[in-house]
Amino acid sequence: MEIKIHATPIEQDGRSYLQILSPVRAVNPVAGGEMFADLMALWDTGATNTCIPMKVAEALGIQPGAPTAVDRMKSTVTSHRCQFYLEFPTGDRIFVKDALALPKMQAQFVIGMDIIGKGRTTIEPDGSGGVHFTFTI
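Anyway, here's the lowdown on the structure attached to this text. Not measured: the values here are computed from a predicted model.

The next thing to look at is the side chain of N28. Within the secondary structure layout, N28 lies in strand β4 (residues 21-30). A relative accessible area of 10% places N28 in the buried class.

Structure, rendered in structure tokens:
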């Protein structure tokens with residue numbers, strides 16, 4: 001499996017920054033089929049765990065596991081461990097066994113080091129301020 005993303009600089013409030021974003025599908029197998037949500041994922045090497053908004057996890061019927069504290073910049077929130085499959089546009093799937101469902105999560109979805117660490121990641125400058133991001137398993 002190989003995911004390739006070309007990220008270009010985003011200008012906001014006089015600042016320029018990069019975000020590595022890609023479409024993904026969160027999939028929960030249920031009796032008689034699957035429930036899924038198509039989301040835009042932020043690839044975040046600073047996140048230990050893959051994170052899904054609590055509302056999305058609930059809508060998919062994902063059973064919440066043990067509560068756990070997650071430190072944010074100025075506060076701590078209670079999240080719940082959960083499991084589901086992550087499907088990429090290539091059709092490839094990865095089982096996410098230790099994701100966190102977070103209340104009031106601002107991003108649609110975060111791919112953390114629990115997934116990124118399973119493969120090889122390269123980030124190469126494109127010569128115009130952007131990068132070519134490649135994730136290979």
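Strand order across the open sheet formed by three strands is β1-β12-β11, with antiparallel pairing between neighbours. Every interior strand has two partners, whereas the edge strands, β1 (2-7) and β11 (120-125), have only one. The mean inter-strand angle of the sheet, taken between neighbouring strand axes irrespective of direction, is 15°. Pairing between β1 and strand β12 (residues 131-136): six bridges, direction antiparallel. Counterpart to E2 in the pairing with β12 is T136.

Another point: the pattern of salt bridges. One pass over the structure, following the stated rule, counts five salt bridges. Of the charged contacts, one joins E34 and R93 as a salt bridge, the two residues approaching to 2.7 Å between their closest N and O atoms. Taken together, the residues E34 in strand β5 (residues 33-43) and R93 in strand β9 (residues 93-102) connect sequence positions 59 residues apart. Residues R93 and E87 are paired through a salt bridge, measuring 2.7 Å at the closest nitrogen-oxygen approach. Of the residues examined, E87 reaches a relative accessible area of 16% and is grouped as buried. Sharing partners across several salt bridges, the network here consists of E34, E87 and R93.

The rules behind these values
Residues numbered from 1 in each chain as written. Predicted model: local features only at pLDDT ≥ 70, side-chain atom pairs only at ≥ 80, totals over all residues. Heavy atoms only, no water. Helix = DSSP H or I, 4+ residues; strand = E, 2+ residues; numbered from the N terminus. Buried < 20%, exposed > 50% of the residue type's maximum accessible area, 1.4 Å probe, protein only. Pairing = 2+ DSSP bridges. Axes fitted to C-alpha atoms, helices over the stretch in contact; angles between N-to-C directions. Salt bridge = Lys/Arg side-chain N within 4 Å of Asp/Glu carboxyl O.

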